[in-house]
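# Survey of secondary and tertiary structure
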Amino acid sequence: MRVSAKADYAVRACAELAARTDGESVPTDLLASGQGIPVSFLERIMGDLRRAGVVASVRGRSGGYRLVRPAAETTLADVIRAVDGPLVTVRDERPPSLTYDGSAAALLEVWVALRASVRDVLDVVTLADLVAGRLPASVHDLAARADAWENA
């Protein structure tokens, strides 16, 4: 499982937007500097997020970006799907469209289980949870496993 730089930056930029309690738009350069993200890369990411309906752009002197929905209603999965597409693919295909034969027949079930596991984390953590540092218990439990922090 690999999280792209694009997905990481998108989540971090959206966290910056979610941390704004005034609901005002935030210019791209402030989002970038707040998280140490290259501005030119973030501009492309914000375009993807806008096209997916995660953020809205605001023109004018106080322009920038703001979340379309409340942070409590926007999951990390929403953000990642907006910039990277489906959460889990195999050879750029979604697991249900795959078939395996013979000794690898059970592999399809593994890929589907992997997708369900990823959804169990990313579909339950909202931007509000992230900003507040209040992650769901199920996420805390996974991160608390002894093997979770090992590089294997």
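Just so you know, these numbers come straight off a predicted model, no measurement behind them.

A tally of helices and strands in the protein yields seven helices and two strands. Element order for the protein, N to C, with α for helix and β for strand: α-α-α-β-β-α-α-α-α. Projecting the C-alpha coordinates of the protein onto the three principal axes gives extents of approximately 65 × 30 × 25 Å. Relative to its full complement of 152 residues, the protein shows a buried share of 34%. Taking all contacts inside the protein whose residues are at least 6 apart in sequence as the whole, residues at least 24 apart take part in 58%.

Applying the stated criterion across every chain yields a total of one aromatic pair. Aromatic pair Tyr 9 and Phe 41: ring centres 5.4 Å apart, planes at 75 degrees, arrangement edge-to-face. Taken together, the residues Tyr 9 in helix α1 (residues 5-19) and Phe 41 in helix α3 (residues 39-51) connect sequence positions 32 residues apart. With relative accessibility at 17%, the residue Tyr 9 sits in the buried group.

Here we come to the confidence of the model for the protein. With 100% of its residues at a pLDDT of 70 or more, the protein shows a mean pLDDT of 93. Least confident of the elements in the protein is helix α2 (residues 28-35), whose mean pLDDT is 93; most confident is helix α6 (residues 127-132), at 98.

For the rest of this paragraph, the subject is the nonpolar core. With 34 residues, the main nonpolar core has Met 46, Leu 49 and Val 55 as its most contacted residues. Broken down by secondary-structure element, the contributors of at least two residues to this core are α1, α2, α3, β2 (64-67), α4 (76-84) and α5 (107-122). Considering every element that reaches this core, the biggest residue donor is α1, with eight residues. Once residues within four sequence positions are removed from consideration, Val 55 is found in contact with Cys 14, Leu 17, Met 46, Leu 49, Arg 50, Tyr 65, Arg 66, Leu 67 and Val 68.

Turning our attention to the layout of surface pockets. Its boundaries defined by the atoms lining it, the largest pocket holds a volume of some 780 Å³. Elements supplying a minimum of two residues to the lining of the largest pocket: α1, α4, α5 and α7 (137-144). Counting residues per element, the lining of the largest pocket draws most heavily on α5, which supplies five residues. Considered as a void within the structure, the second largest pocket measures approximately 210 Å³ in volume. Ala 143, Asp 147, Ala 148, Trp 149, Glu 150 and Ala 152 are the residues that line the second largest pocket. Partitioning the lining of the second largest pocket into residue classes produces four nonpolar, no polar and two charged.

Close approach of charged atoms lets side chains of opposite charge pair. This structure, assessed with the given rule, holds seven salt bridges. For Asp 8, the salt bridge goes to Arg 12, with nearest N and O atoms at 2.9 Å. In this pair, Asp 8 and Arg 12 both sit in helix α1, four residues apart, roughly one turn of the helix. Given a relative accessible area of 33%, Asp 8 falls into the partly exposed group. Salt-bridge contacts for Arg 81 lead to Asp 123; the nearest nitrogen and oxygen are separated by 3.2 Å. Here Arg 81 is found in helix α4, whereas its partner Asp 123 is found in the loop between α5 and α6, with 42 residues between them in sequence. Taken together, the salt bridges that share partners define one network made up of Lys 6, Asp 48 and Arg 51.

Let's shift gears to the packing of α1 against α3. If you want to describe how two helices pack, look at the angle between their axes and the distance between the axes. Between α1 and α3, the shortest axis-to-axis distance is 10 Å and the interhelical angle comes to 75 degrees. Taken together, α1 and α3 sit at an angle that is classed as roughly perpendicular. Residues Ala 5, Lys 6, Tyr 9, Ala 10, Ala 13, Cys 14 and Leu 17 of α1 form the contact with α3, whose participating residues are Phe 41, Leu 42, Ile 45, Met 46, Asp 48 and Leu 49. Its residues assigned to classes, the contact of α1 with α3 shows eleven nonpolar, no polar and two charged.

Cut-offs applied
- Residues numbered from 1 in each chain as written.
- Predicted model: local features only at pLDDT ≥ 70, side-chain atom pairs only at ≥ 80, totals over all residues.
- Heavy atoms only, no water.
- Helix = DSSP H or I, 4+ residues; strand = E, 2+ residues; numbered from the N terminus.
- Buried < 20%, exposed > 50% of the residue type's maximum accessible area, 1.4 Å probe, protein only.
- Contact = heavy atoms within 4.5 Å.
- Phe/Tyr/Trp six-rings, centres within 6.5 Å; stacked < 30°, edge-to-face > 60°.
- pLDDT = per-residue confidence, 0-100.
- Core = buried A, V, L, I, M, F, W, Y, C linked by side-chain atoms within 4.5 Å.
- 1 Å grid on protein atoms, 1.4 Å probe; cavity = no way out; pocket = protein on both sides within 12 Å on 5 of 7 lines; lining within 4 Å.
- Points joined across faces, edges and corners; volume = space filled by probe spheres on them.
- Nonpolar A, V, L, I, M, F, W, Y, C, P; charged D, E, K, R; others polar.
- Salt bridge = Lys/Arg side-chain N within 4 Å of Asp/Glu carboxyl O.
- Axes fitted to C-alpha atoms, helices over the stretch in contact; angles between N-to-C directions.
- Parallel < 35°, antiparallel > 145°, perpendicular 65-115°, else oblique.

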